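Topology and contacts: notes
Each chain, letter by letter, is given below.
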Amino acid sequence: MRTVNVGIIGLGTVGGGVARLILSHHDDYVANYGIDLGIARACALDAQAARACGIPDDAFTTDWHDVVSDPSVDVVVELIGGEHPATEIYEAAFAAGKHVVTANKALLGRHVEALAAKARENGVQLKCEASCGGGIPIVSTLERDLVGNKVLTIAGILNGTTNYILSRMESEGADYADVLADAQAKGYAEADPSADVDGFDAASKTAILASIGFGTRVTTDDVYQQGIRTIAAEDIAVAHDLGYTIKLLGIARRTADGVDVRVHPTMIPLDHQLAKVSGAMNAVYVVGDAVGETMFYGAGAGSFPTASAVVGDIMTLADPISKGATPLPEAEPFSHTLPLRPMDELETKYYVRLTVADRVGALAETVNVFAKHEISISLINQLEDGAADSDACSVIFLTHKALEKNMQAAAAELAEASCVRNVANVLRIEDTAAWSDGVMAN
């Protein structure tokens, strides 16, 4: 047994948690796994951050080059986020023959193909369990435990901030702006919450999981994105009355026409497992043709939950290294083997909330617009006191299944119609039963 040395770049919330886990669990790792794990170098902007984690001064540096160039470091852990200098860190580490562990979903969501190829060229690995779902072990599950399946669907609550906001809106009947402001004050949401509430964070994770689950390259830019800013308290209340809840979901499905990947607010039945995930928790629902429905639940962020996933990756690499063996090089990166289904071709039911002029014939005009675009209405409901204007009213429409392109065209025409004051919201109602299409009968 030889010591396996780690170099950590970034000692913030997650990096500090990783350092504390390694130092506090050192003896357990030796006793239970025969792995002597040490921190040879640690990089941060402030030496006090290192001291707070228990890292000695002689292991600390403010220059990430010192970590990557240290010959004693076996595994480089990048936890600073962003594209630069993270990209340069990866490339320098690979060139030096060092494996990289990261939680950087934004970078990997767009560039993992190129980075994985560089790792493979240099005979090392790039591991990213913590990039998707925080402490939930979903990446390794898709890479190893479910490889006996054809993965049919991956759908998840992949952003704790948005789930926290929507959960509080549902439980308290509060408005989005009020809950967001309170979430920012409590540290659940960033001062600039755009990456969370506009769906980018969830889209990056959806791209990574879809790539692994379906064995085809999917980038963040391939994922349709819509955030939660338009969700109002009345939408959540009406959804609940209709037997649904609203969640921001990352959805990836294998279809006959290609891979369907999207992130948007979604109405799902109240009795579905994902509907019961509340607060800042995450959950990933995976359907395989052999295993059927599975769900993985846990903390999607936070110091120690995310550090748990990072250390899990480190230990996977450290196991052969500690025995004098060399981990296999990174697998061949996925290429674009499956087509992507255009968002316009999505077919689902819709919830539409309009503010309509309170006059004779207005409702008929709106229904005619839907009919013009081949959209059949299954329910119409006027909300009491649902509009701010005394001469207008809020009306809810539920549709039968319709094409996305038809719904978008109808919404655009309704927005210009004289009888419509505002297209307040258009939400997709997910057919969760279809997620299991293709499961083998037992």
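About the cut-offs
Residues numbered from 1 in each chain as written. Predicted model: local features only at pLDDT ≥ 70, side-chain atom pairs only at ≥ 80, totals over all residues. Heavy atoms only, no water. UniProt positions renumbered as here; feature names shortened; annotations may be inferred. Axes fitted to C-alpha atoms, helices over the stretch in contact; angles between N-to-C directions. Helix = DSSP H or I, 4+ residues; strand = E, 2+ residues; numbered from the N terminus. Parallel < 35°, antiparallel > 145°, perpendicular 65-115°, else oblique. Left-handed = near helix turned anticlockwise from the far one by under 90°. Contact = heavy atoms within 4.5 Å. Nonpolar A, V, L, I, M, F, W, Y, C, P; charged D, E, K, R; others polar. Pairing = 2+ DSSP bridges. Buried < 20%, exposed > 50% of the residue type's maximum accessible area, 1.4 Å probe, protein only. Salt bridge = Lys/Arg side-chain N within 4 Å of Asp/Glu carboxyl O.

The protein chain is annotated in an unreviewed UniProt entry as Homoserine dehydrogenase from Parolsenella catena. UniProt lists a comment for the protein chain under the heading Sequence similarities (unreviewed entry), and it reads "Belongs to the homoserine dehydrogenase family." For the record of the protein chain, the UniProt heading Function (unreviewed entry) holds the text "Catalyzes the conversion of L-aspartate-beta-semialdehyde (L-Asa) to L-homoserine (L-Hse), the third step in the biosynthesis of threonine and methionine from aspartate."

1. Quick notes on the packing of helix H5 (residues 86-95) against helix H6 (residues 105-121)
Where H5 meets H6, the closest approach of the two axes is 10 Å, and the angle between their N-to-C directions is 15 degrees. With respect to H6, the axis of H5 lies roughly parallel. H6 is crossed by H5, and the crossing has right-handed handedness. Across the interface between the two elements, Ala86, Thr87, Tyr90, Glu91 and Phe94 of H5 pack against Leu107, Leu108, Leu115, Lys118 and Ala119 of H6. Classifying every residue of the contact of H5 with H6 by side-chain character gives seven nonpolar, one polar and two charged.

2. Comments concerning the sheet that holds strand E2 (residues 36-43)
Taken in spatial order, the six strands line up as E3-E2-E1-E4-E5-E6 in an open sheet, and their pairing is parallel. Strands with a single pairing partner mark the edges of an open sheet, and in this sheet they are strand E3 (60-61) and strand E6 (126-127). Both strand E1 (residues 3-9) and strand E4 (residues 75-78) contribute to a ladder of four bridges, which runs parallel. For glycine 7, the partnering residue across the bridge sits in E4 and is valine 76. Where H5 meets the sheet, its contacts fall on E1, E4, strand E5 (99-102) and E6, and the angle it forms with E4 comes to roughly 175 degrees.

3. What to know about the UniProt feature "binding site: L-homoserine" (unreviewed entry) in the protein chain
This chain's UniProt record puts "binding site: L-homoserine" (unreviewed entry) on Glu190. Relative to the assigned elements, glutamate 190 resides in the loop between helix H9 (176-185) and helix H10 (194-197). Setting aside residues no more than four positions away along its own chain, glutamate 190 makes contact with Gln184 and Asp196.

4. A few points about unusual backbone geometry
Residue histidine 84 is joined to proline 85 through a cis peptide bond whose omega torsion reads 10 degrees. Relative to the elements of secondary structure, proline 85 occurs in the loop between E4 and H5.

5. Some points on the environment of glycine 109
Within the element layout of this structure, glycine 109 appears in helix H6. We classify glycine 109 as buried; its relative accessible area is 1%. Each C-alpha atom, one on glycine 109 and one on glycine 243, is 34 Å from the other, the two residues being 134 residues apart in sequence. The residues contacting glycine 109, other than those within four sequence positions of it, are Ser204, Ala207, Ile208, Arg217, Val218, Thr219 and Thr220.

6. What about the pattern of salt bridges?
By the definition in use, this model includes 25 salt bridges. With its nearest N and O atoms 3.3 Å apart, the salt bridge here joins aspartate 201 to lysine 105. Taken together, the positions of aspartate 201 in helix H11 (residues 200-214) and lysine 105 in helix H6 put the pair 96 residues apart, joining distant regions of the chain. Since its relative accessible area comes to 8%, aspartate 201 is described here as buried. The shortest N-O distance in the salt bridge between arginine 262 and glutamate 430 comes to 3.0 Å.

7. Re the pairing of strand E13 (residues 347-357)
Across the 11 residues that make up E13, a large majority, nine, are buried. Here E13 pairs with strand E16 (residues 402-403) via two bridges, running antiparallel. Note on E16: the bridge partner recorded for threonine 348 is alanine 402. Taken together, the seven bridges between E13 and strand E15 (residues 392-399) define a ladder with antiparallel strand orientation. Counted as the bridge partner of tyrosine 351 is leucine 398 from E15.

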